[in-house]
Amino acid sequence: MLSRPGRLQTFSVKGVFWLLLALTLLTLTGCSEDGVWNRPYSDEQARTNTLFSNFATPPKHLDPVRSYSANEWAIISQVYEPPLQYHYFKRPYTLEPLTLTQMPQQRFLDAQGREREATSEDVAMTEYHFHLRDDIRYHPHAAFARDAQGRFLYHALSEQQLDRIKRPADLPESGTRRLKAQDYTLAIKRMAITANHSPILGTMRELIVGLADYSDRVSKKPLTIKQLRESSVKGVEVHSDTHFSIRIHGRYPQFLYWLSMNFFAPIPWEALAFYRQPGLVKKNLSLDTYPVGTGAYQLLDNNPNRQMRLVRNPHYQHGTYPTEGLPDEADPDLLADGGKPLPLIDEVVYLLEKESVPLWNKFLQGYYDASGVSSDSFDQAISVSSQGDLSLTSEMQQKGIQFLSAVEPTVFYLGFNMDDPVVGGYDKTARKLRQAISIAVDMEEYISIFLNGRGVAAQGPIPPGIYGYERNRDHFNDVIYQWSDHGPVRRPLDEARQLLAEAGYPDGKTPEGEPLTLYYDTPATGPDAKSQLNWYRKQLAKLGIELVIRATDYNRFQEKVRGAKVQLFSWGWNADYPDPENFLFLLSGDQAVINSNGSGVNASNYDRPQFNQWFQQVKRMPNGPERQALIRKMVKLVQEDAPWVWGLHPKSVSLFHDWYRNVWANPMANNTLKYHRLEAAKRVEKQQAWNQPVVWPLWVLALLIMASVYPLVSAYRRRQRQTLVGNTAQNAVQNRAADESKAAPSTSSRKSGEGPSC
Amino acid sequence: MLAYMVRRLIYAVPILIGVNLITFALFFMVNTPDDMARAQLEAKQTTPEMIQAWKQSHGYDKPLFVNNESSGLDTVTETLFVQESLKLFMLDFGQADNGRQISEDIQERMWPSLAIALPTFLIGLVTNIALALLIVLFRGSVLDTATMIVAVAIMSISGLFYIIAGQVLFSKMLHWVPISGYESGWEMWRFLILPVAIGVFAGLGAGVRWYRSIFLEEINKDYIRTARAKGLSEIRLLFGHLLQNGLLPILTGVVVIIPTLFMGSLIMESFFGIPGLGSYTIDAINAQDFGIVKAMVFLGALLYIIGLILTDLSYAFFDPRVRFDQ
Amino acid sequence: MMAPLWSDYMIWLLVVALWGWGLILRRSPQVREQWIQIFQSRIAMVSAIILLAYASVALLDSVRFDTAQKGQITLLDMAFESIATQSERTYSAPFADREYNQSLVTRDNGDVEQQYLPLKWVQAEVSIGWATLQVLLSAALLTALLVGLHLAWRARVHKLGLAEYGRNVWRDQTRLPWRTAYVTVLLMLFVWGWLGYLSQFYHVLGTDKVGQDVLYTAIKSIRTGVLIGVLTTLVMLPLALFLGISAGLFKGWVDDAIQYLYTTLNSIPGVLLIAAAVLVMQTILNNNPQWFGSTEERADLRLLFLVFILGMTSWTGLCRLLRAETLKLSQVDFVTSARAFGVSRLTIIVRHIMPNVMHIVLIAVVLDFSGLVLAEAVLSYVGVGVDPTTHSWGNMINQARLEMAREPMVWWSLFSAFVFMFLLVLAANLFSDRVQKVLDPRTQTR
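The numbering scheme is per chain: residues are counted from 1 as the chain's sequence reads. Chain A is the first chain written and ligand 1 is the first ligand written, with later ones labelled in order. Reporting in this predicted model follows two pLDDT cut-offs: at least 70 for local features of residues, and 80 or more for side-chain atom pairs to be given and counted; totals over whole chains, interfaces and linings ignore these cut-offs and use all residues. Working from all heavy atoms in the structure, the side-chain values ignore hydrogens and water.

### Observations regarding the packing of helix α9 (residues 214-250) of chain C against helix α14 (residues 345-382) of chain C
The relative placement of two packed helices is expressed as an angle between their axes plus a distance between the axes. Residue and element names in this part refer to chain C. To get an axis, fit a line to the C-alpha atoms, keeping to the stretch in contact for a helix; angles then go from 0 to 180 degrees between the N-to-C directions. Every helix listed is a DSSP run of H or I at least four residues long, and every strand listed is a run of E at least two residues long, numbered separately from the N terminus. For the pair α9 and α14, the least separation of the axes is 8 Å and the interaxial angle reads 145 degrees. Pair α9 / α14 crosses with right-handed handedness. When residue character is reported, Ala, Val, Leu, Ile, Met, Phe, Trp, Tyr, Cys and Pro are called nonpolar, Asp, Glu, Lys and Arg charged, and the others, Gly included, polar. Counted by class, the contact of α9 with α14 contains 18 nonpolar, 4 polar and 3 charged residues. Crossing handedness is defined as follows: a turn of the near helix away from the far one that is anticlockwise and smaller than a right angle gives a left-handed crossing, while the clockwise case is right-handed.

Shown next as C-alpha cells:
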C-alpha cells in the first residue's frame, strides 16, 4: 500500500500537470512521421507500391476445387490460372488464352469416337485440345523445395520445424517448377472426389466423359497421392507435358466458359503431398488457406482474422497489359500501359473490415484506394439524373475521386411459386393475378429508393450485356410496360386493378369479401430490411391485397423454397458465364425444385413443356439469328406467364482515388488485379492533406483539468478545517451519505449483455 | 483447501455437461445438419450426395442423443452429443464447420481480446477507485450529489451511443485515431486507445457508485473514527486506511470477471474491427457455425466457473477467517 | 371495433394486477408509510411522473382498433394521426421545409439541375414561436385546472382550507413534494403538447430514409421499450419466486437441483444464450404461420417471445437472492416455531416468507427495468432483437449507425432515440435508487 500518504497532495497537482504535458508531447510527436495520427496501417507501407483493399467476411475456402464465392475468387483468381480468361476490356465478354498458346481446338466425335463434321447429326461428343505455353512457372513455395539429391525437403516435416512456422513461407527454402498438363488433369480428378465437396461436380459428372464412373470409383476410400496421379478419367487425356484434351458428351459450346473458372486451375501434386501432413492441417495450413499457383501473385500471409497479403510472383513473366479491345466510349488513357509486363502493383494488402461505416470513412480519408458504394453513402457520392444516369457529386469530384459503373450480369426477382394454389398455375385467372401484381410492384421506385438508381428494371430473365437481352420498341415486356418516347413505361395501376378483377379479386377482395392475403418470404433481417418490407406491403396494398411478411433466417428461407412452401419470395441469380442459357435454365422444368427433390435452381417451379423443349434447343446452339429468334419466343412466353415479378439487374458502382489507375469494370473477370497501377507518392500527399489532426480540443481539455485542480484542492482544505472544528456536525452528513451508498445496484451492474463492457 | 478445490472442480463437470446439453438442444432445434451442410457448401445447386459427404467429413452423420442403430452402451455413446462433449472436456475444440481448426483460431484471437479487455478492466478499476475516493473525500457536498447524478446519467445511456458518438467525434471529425482496425506489436495502442477510453467511460457510472458505496460503508467503521480522532488528515485517512481495507471487498468482487476477460467484448470488438474472441463468437452466431458456437459456449462456461472458484480462493487468501477445510 | 393483440392483453392484465396489488398493500400501514417515504424525495417524484407519462403512452398505444380504411390503429395513432400518415420521400431535417439532399430535376425545357425538393406535408407559414406560446398557455391552463382539483382533494384530506394548503405547497412545506410534482406536470404537458401541436405543421424531429416521421417512430417505440422492461419481469417473477423459495425452504436435493439449474444457465454467456433461443423462436414462428394473420400479429408474437426468452434467461439472479433470503428466514424464530406447530409449508410460504421477500422482488423489478430497455438496443444490434418491422429504439439506433457515416450527417434519428431512451432509463434508474434506499433493510438499519 501507499506508505507515505502525506506527500500525495503535492504529487497529485504536479503529477497531473507533468503527466498531461508528457502525454500531449507524446501524441504530438510520437505518432507518425508525417503528422497523420489515424492511418490504419504503417507509414512505410503507405509509401510503397502497395494496394490497400479490404474483405468483409474471411474467405472460407481458397482451394479452387471448392471455392465458389465472389470474395474467395477475388483472392485466388490472382494466384491460380485456369486455361482461359476473359479479355480485360472487350465487350461482349470474350475469352482468350491465359496459359495456352492458342484457343482450344474442338473436334466433334460420334458415339464410337470417330471424328465427324460439326454440323453432323451423329455428333455425340466434343473433344477439346489444350496446348500449354512452356514458360510458365509456379511461385516459390516450400512444397517444391528439394535438397541437392533432388529429394523433397519439406514433405515430412518434423515437430521442431512445425513449431517454428506460422505459414509455408516461414520455411527457409523454397522451389518452383514448370506448369505441366498433368497439373490440369489432376485438378479435374480432385473435383471428382466427393470428399472435396466440389460445387460443380454434379454438373461436370453429366458433362465430362467418364467422370461419373471415376468419381464413384475413387470416392469410396481415400486415395494416396500416387494412386491419384496414376488413375485417370476416361475423357481426360494427357498427350504430352504441354498438351491435354477433355472430351464431353454432346455439343455444349458453353463448356469453354467453365474453363475460365478456378475449378479448372492447375494443381501441382507436390502441393497436395506437402499439405497432406497432419501437423500442417492442425495449424490451419492447407491448400484451403495457402494456394499454390502460377498467377501474377502469391498469397504470403493469410490471417482470416485480420489481414491477407498478396505479393507478386517473381517467376511470373507471361502476362502483358492489353493493347486493344477498349470500347470507343471508354477513356483511351486505359491503354497507356499497353504492352507492359504484368503485374503493375507489387503488393496487395486486404484488411478485415466488417462494417460498412468505418470502411466508407477510411476510404474518404484516403486509406483505402477503392471502395464500393453502400446504399447509405450513395447519395453523398453520386447523383442520379432522371434518366438514371449516374455521376459523381461535386464533393467527390473535388477530392479527385473517380467512379465506374456497370450493369452486373445478375437478376434479382420476386418469384411466384407456380405450384401454389392461389398465385400458381397456368390458367388465365392465375396469370392475370400475377400480371396485376407485376404491374403494381413498381421496381423503378424500388431502384430509386433502395438502390439509389443503381439498377435497371428487368424486362425478362436475361440481364443486359448477355446475348439475347433486348429492350427496344419491338422487344420489351409489353405485359407490364408500354412504350413511350423515353423507353418502356410501367402500365397504369388501373390496368392492374382491371386484371385483378378479371382474375376474380375485384378491389383485392376474395369472393368471400375478405381482402386477398398473400405471403411473402424473405431472408432479409438487416437494418435496411424494415423499410424494404414495408415497401413491398405498400405495393400490394395499392391493389387492396394484404401481404404478410415472413422474414426468416436464410436457412429456413432456403428450406421453404426447396420444399415449395412459399407463395411469394425474393431470390437472385448471378451469371456463371455470359450466356443466356445460364439464365433461361432458371425457368426450365427439370430444374424445378418440386421435380428435382429440392436441388434444382428453378425456385418458382415454372414448368412449361413448350419452354422446356425450346430450352433444350437453345442450350446446344451457337449464337446466331436462329438462336436469337428462339430466345425471343421463350422470353415472350415467360413474360406472358409472369412466373416472376421481373425485378432488377443491379449496377455495380465502385469509387476509387485518382492515384489508382487502369481500373475497368469487368464483372466476369476476376483476375484483374494484375492490370491495376498505383501512384503511391500522390497517395501519401493526399492522406496528409485530408487527415491533419485537430489539436486544440486537447489543449482545452488539459486546461480544464488543470483549472479544476485548484477548486478541488481549496475545497479539500476548507473541509479539512471543518473536520477539525466540528467532528460531530460532520457525522450527521456522513450518515446521510452512507444511506445513499447502498444505491449502487448489485444485481444489475454486473449483468451480461448490456452496455459496452459485456 | 486442496480437497475443496478438487470438490469444486468435480462439481463443475455436471454443470459443463448441462451447458453442453443446452447448447446442443437449442442449436439442433434450429438447424439440422442438412442446413449446416448447405450453408457451408455454398453451392448454387446442392445435391443430396454433396450434403451426405459433408456431414460425414464433419461428423454430423451420427444421431444427436440416441443412436438406435447401435446396441448396448453404444446407443448413447455413439452419438453426436457424447462424442463432441467428450472432445470438449479434453479441450479439443476440433474443427469449425468452415473447416478451420478452432483451437488455433482461439489462440490467435485471444490476444486482441485481452489487449482490449485487460486495459479497459485495469484502467477502469483504477479510475473508478480514484474517483470514488475523491467523492468520498467530498462526501455529502454538492460535488458528491452532482457526481452521483452524472453517474446515473452515464449509466442510463446505451453503450451503443458512446461508441457511435466516440467514433464520429474522435475519428471522423478530429482525426485523432483510426476509426477501426487492429495491428499487432507496438502500433497496437493507436487502435486500442479509443475503445478502451469508451469502455472505461461507459463503466464509470456503475463503477464509481459501487466503489463509493463500499468506501462509505467502510468509513463509518470505528477504526476510521479513531484514526480521525487522532487528527489524521483526510487524505492520509483515505489512502492509508480506507483504500487498504476497502480493497478487499473490491478485489474479491472483481476476481470473478478476470477469467472472462479472455472472452472479449462482443460489441466493442465488432464496432472497432478488433479480431478478438468476441467478434469471433458473434460471427459464428451469424454464420450459424455450430462448431465454433459450442466451443465458445463451453469455454465461456468454463472460464465463468474458474472465476467463481477464484473468488472463493481470494476470500480465503485475503480473509483468514474463511476456511474450506471442514 | 377493438382488435387487441396478445401483448395488449398482457399489458392490461398487468395494469389490473398492479391495481389489485395496490389495493391489498393499501391495507398495511407499514407499506403505505414506505411508499410515502419513497415519494418524499423530489427526484423520485419527478422520475415517477416521467415514468407515468411513458407508461400512459404505452397504454394508449395498447388500445387497438380495427378500422376499414387504415387497418389496425391505436389510440396513440389517432392522437398523432397527422404524422402517422404524412410521410415524405426521404430524409429531411427537423423543422425543414425541403429535403435534406439534392435531387436532379429535369425542368420543362429539358435542363437538368440539382435541387432541394420541397416537402409535401410541411406548413412552413406557421410561426414556431407563436405556436409555442399557444401550447404554453394551454399547458398552463390545463395544469392550473389539474393542480386546482388536486389541491382541493388534498386540502379535504388534510382538513385544511384550500388557500392555506396552497400556501404550504407553495412554500414546499407539504410532506410529499407536491410543488415539484406540479412543475413537472406543467413541463410534461408543455413538451407533449408542443410536440403534438407542432407536428401537425412540421416534422419536428425530421424524417428518416423513407420519409417516415422520426418523432412518430420514437413515440411508437415507447411501447416496445416499456413492454420489454415490464413484461419480462412479469415472466420471470413466478419462476424466480417458486424456485428461489423452494430451494431455500426445502433444502436437500431440491436445493441442489435448483442451484444446479441456475448455475448452469448462468455460466452460459448471456448474449449467446439469448441469441440461440431467439433463433429457436424464429424457427417455431416460421413453422406455425397459422398463428398469426397479419404482419402486426407476427411482430407482436415475436416481441412476446423475446420477452419470454429474456425472462427465462434473467430469473437466475433474483432466484439466488430469494434462495439466500429464504434460507435466512427459515432459521428465524417465527418460522421455526410455526413449523413446530405443524403449520403447512404452503401457509408458511404465503404468511411468512412471501411478505418478507417482497422488498427484494420489488427492488429487482425496478432495477431490471432499465437494464432491459438498454438490452433491447444491443440485441437489435446483434440481430436477435425485436422484429425489424416493430418500432423500437434498438432498430432506430441500428439504422442510425449508417446515417452517422453520411456527410452531412443525419443525426436526428440517433438523437431522438437517444433522448427518448435516456429519459426513460434515467427516470427508471433514479426511481429505483430511491426504492432501493427505502426498501432495502440493510440501508435502513443504519
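### Thoughts on the nonpolar core
Side-chain atoms within 4.5 Å are what join buried Ala, Val, Leu, Ile, Met, Phe, Trp, Tyr and Cys residues into a set we call a nonpolar core. Type-normalised accessible area, obtained with a 1.4 Å probe on protein chains alone, sets the label of each residue: buried when under 20%, exposed when over 50%, and partly exposed for intermediate values. Residues Ile-267 of chain B together with Trp-393, Ile-397 and Phe-420 of chain C are the most contacted members of the largest nonpolar core, which totals 209 residues. Broken down by element, this core gets its largest block of residues, 20 residues, from α14 of chain C.

### A few points about the interface of chain B and chain C
Contact residues are listed per partner, giving 38 residues for chain B and 43 residues for chain C. By buried area we mean the combined loss of accessible area, with a 1.4 Å probe, across both parts when two parts are placed together. Of the roughly 3,500 Å² buried at the junction of chain B and chain C (both faces included), carbon and sulfur atoms supply 78%. In this structure, Arg-209 of chain B engages Asp-433 of chain C in a salt bridge whose closest nitrogen and oxygen atoms are separated by 2.7 Å. What qualifies as a polar contact is a pair of N or O atoms within 3.5 Å, subject to a donor-acceptor requirement within protein and to the restriction that residues adjacent in sequence count only when both atoms come from side chains. Counting the contacts that link chain B with chain C gives 6 residue pairs in polar contact (both at pLDDT 80 or more). If you list the elements that add at least two residues to the side of chain B that touches chain C, you get α1 (2-30), α7 (142-155), α8 (159-173), α9 (188-219), α12 (266-272), α13 (277-287) and α14 (290-318) of chain B. Throughout, a contact is declared for two residues whenever any of their heavy atoms are within 4.5 Å. Just to be clear on terms, a salt bridge is a Lys or Arg side-chain nitrogen sitting within 4 Å of an Asp or Glu carboxyl oxygen.

### Thoughts on the pattern of salt bridges
All names here are of chain A. All told, the structure shown has 58 salt bridges over all chains when counted by the stated rule. Salt-bridge contacts for Asp-369 lead to Arg-683; the nearest nitrogen and oxygen are separated by 3.0 Å. Of the two residues, Asp-369 sits in the loop between α12 (356-364) and β12 (370-372) while Arg-683 sits in helix α23 (residues 680-690), which places them 314 residues apart along the sequence. For the residue pair Asp-369 and Arg-683, the accessibility class agrees, reading buried in each case. Connected through shared salt-bridge partners, Arg-167, Asp-170, Asp-301, Arg-309 and Glu-347 make up one network.

### A few points about helix α2 (residues 33-41) of chain B
Judged by how many residues are buried, α2 of chain B sits mostly within the fold: 7 of 9 residues are covered. All of the buried residues along α2 of chain B are Pro-33, Asp-35, Met-36, Ala-37, Arg-38, Gln-40 and Leu-41 of chain B.

### Here we look at the side chain of Thr-410 of chain A
All names here are of chain A. Take Thr-410: it is sitting in strand β16 (residues 410-416). One polar contact links Thr-410 to Asn-574, side chain to side chain, over a distance of 2.9 Å. Setting aside anything within four residues of it in sequence, one finds Thr-410 in contact with Pro-463, Trp-573, Asn-574, Phe-583, Leu-648, His-649 and Pro-650.

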